[in-house]
Amino acid sequence: MTTCGRRIAVRRLRLATADRPISRIALDVGPDRGGEPGTWAALTAGEARDLADLLLRHAGQAEQGAEPAGPAREAAP
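The following paragraphs examine the structure supplied in this document. (Residues numbered from 1 in each chain as written. Predicted model: local features only at pLDDT ≥ 70, side-chain atom pairs only at ≥ 80, totals over all residues. Heavy atoms only, no water.)

Here we take up the side chain of Arg6. Among the secondary structure elements, Arg6 is positioned in the segment before β1 (8-15). Arg6 sits in the buried class, given a relative accessible area of 19%. If we skip the residues at most four places from it in the chain, Arg6 touches Met1, Val29, Gly30, Pro31, Asp32, Glu36, Pro37 and Gly38. (Helix = DSSP H or I, 4+ residues; strand = E, 2+ residues; numbered from the N terminus. Buried < 20%, exposed > 50% of the residue type's maximum accessible area, 1.4 Å probe, protein only. Contact = heavy atoms within 4.5 Å.)

So, on to the pairing of strand β2 (residues 22-29). Both β1 and β2 contribute to a ladder of eight bridges, which runs antiparallel. Pairing of Ala9 across the sheet is with Asp28, part of β2. Linking β1 to β2, which pair antiparallel, is a turn of six residues. Pairing of β2 with strand β3 (residues 39-43) involves five bridges; the strand directions are antiparallel. Across the sheet, residue Leu27 finds its bridge partner in β3, namely Ala41. (Pairing = 2+ DSSP bridges.)

Okay, structure coming up:
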């Protein structure tokens, strides 16, 4: 649970299709304490790795009190 009261769940989502199964990483950000709705995203394995890399880098910078080096980068499409 985050300090703002949101619960974040990460799960593997597997969709069975006729020709081949599709796997995604589901990121579910639940509602906050005030009832503001949450959101979710279905990421490919590569997108999930890019997001994990960004989170780890920004967490390290936050712990060190450092400013980001350049503009924020979004995860690859």
